[in-house]
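The residues making up each chain are set out below.
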Amino acid sequence: MSCSHDKMLGPCPKKVPIFGALSEEEILKVAKMAKHTQFKKGELLLHEGEKSNRLFIVNKGQVKVSKFTIDGKEQILYILTSGEFFGELHLFNNEEVNNFSVYAIADTEICIITKDDIDRIMEANPEISIKLLKALTKRLAHTETLVQNLATKDPEVRIAHMILEFCQKFGTEESGGILIHLPITREEVASYVGVTRETISRKFSKFESLGLISQQGNKKLLVKEYVALKEYVE
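Below: a short report on this structure. What you see is a predicted model, and the numbers here were worked out from it, not measured in a lab.

### Some remarks on the overall build of the chain
- On a plain count of helices and strands, the chain comes out with 7 helices and 14 strands.
- Taken over C-alpha atoms, the radius of gyration comes to 19 Å for the chain, in line with the 17 Å a tight globule of 234 residues would show.
- Across its three principal directions, the C-alpha atoms of the chain cover 55 × 45 × 30 Å.
- Counting only contacts in the chain whose residues sit at least 6 apart along the sequence, the fraction spanning at least 24 positions is 71%.
- Here the chain has roughly 12,200 Å² of accessible surface; of this, 52% comes from carbon and sulfur atoms.
- Across the chain, the 32 positively charged side chains and the 33 negatively charged ones have centroids separated by 3 Å.

What follows is the structure, encoded as structure tokens:
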């Protein structure tokens, strides 16, 4: 199907910062190039080691970008939501293979644009190339920070950093603090910060006893003291 349009937000390319400089007419042209695909929760979108010549835009839903160790252990690299994208590396070098796998962690709608179409868009709008390179740089910096944290940071500090990150990305302001609807399971949370599920439960309970957070079932966290949590890890 062609890319679907959200009546409130417009066509999905409008949600993506790299297309921010385009006019409404140009956005509609990009939307006509895109193909709209739906994935169920748990479904594989991209497999590590395969080639791709497409840019994937998350229209609705969420995906996780993961790598697997030789012994099959998962390390989650990113969690992407509406307006974010993946597959951008192949836009500059189509000989590259995917160095990660991507799975839907909720029912997800994806808009797909081929490399040939993206090439035409970038030729007409060179500033998009610069924005893509900036996006690649941010992703690289995120990965380098993740590797450094996994190698050197105390597990408690890594978990606190993850909570702070989720506040920014998935949190909503409430009267009692910032409410996070966790996008992944407790086991996946453990994979994201490189610890066991038991460690996650233990550290969440410790932060709760310190009055920094409040656990609301398995899928919600209320961060009651954002500044104090930030100071705690610094």
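From this point, things continue past the structure.
### Structural notes on the pairing of strand β5 (residues 54-60)
- Counting buried residues in β5 gives 5 out of 7 residues, a clear majority hidden from the surface.
- Across 6 bridges, the pairing between β5 and strand β10 (residues 108-114) is antiparallel. Note that in β10 the partner of Ile57 across the bridge is Cys111.
- Pairing of β5 with strand β8 (residues 85-86) involves 2 bridges; the strand directions are antiparallel.

### Focus: a nonpolar patch on the surface
- Residues Phe92, Ile130 and Leu133 make up a contiguous nonpolar surface patch of about 270 Å² in total accessible area.
- Positionally, Phe92 belongs in the loop between β8 and β9 (101-104).

### Notes on the sheet that holds strand β13 (residues 213-215)
- Taken in spatial order, the 4 strands line up as β11-β12-β14-β13 in an open sheet, and their pairing is antiparallel. Both outer strands of the open sheet, β11 (171-174) and β13, are each paired with one neighbouring strand and no more. For this sheet, the mean inter-axis angle between neighbouring strands, taken without regard to orientation, is 25 degrees.
- Bridging between β11 and strand β12 (residues 177-181) involves 4 bridges; their strand directions are antiparallel. Bridged to Glu174 within β12 is Gly177.
- Contacting β11, β12 and β14 (220-223), helix α4 (residues 155-170) runs over the sheet at an angle of about 85 degrees to β12.

### What to know about the side chain of Ser191
- Residue position: Ser191 is located in helix α5 (residues 186-193).
- By relative accessible area, which is 14% here, Ser191 ends up buried.
- When residues no more than four places from it in sequence are discounted, the contact partners of Ser191 are Glu74, Gln75 and Ile76.

The rules behind these values
- Residues numbered from 1 in each chain as written.
- Predicted model: local features only at pLDDT ≥ 70, side-chain atom pairs only at ≥ 80, totals over all residues.
- Heavy atoms only, no water.
- Helix = DSSP H or I, 4+ residues; strand = E, 2+ residues; numbered from the N terminus.
- Rg over C-alpha atoms; globule rule 2.2 N^0.38 Å.
- Contact = heavy atoms within 4.5 Å.
- Areas by Shrake-Rupley, 256 points an atom, 1.4 Å probe, with all protein chains shown as cover.
- Lys, Arg positive; Asp, Glu negative; His and termini not counted.
- Charge placed at Lys NZ, Arg CZ, Asp CG, Glu CD.
- Buried < 20%, exposed > 50% of the residue type's maximum accessible area, 1.4 Å probe, protein only.
- Pairing = 2+ DSSP bridges.
- Patch = residues over 30% accessible without salt bridge, like charges linked within 9 Å, V, L, I, M, F, W, Y side chains within 5 Å.
- Salt bridge = Lys/Arg side-chain N within 4 Å of Asp/Glu carboxyl O.
- Axes fitted to C-alpha atoms, helices over the stretch in contact; angles between N-to-C directions.

This is a description of form; function is not addressed.
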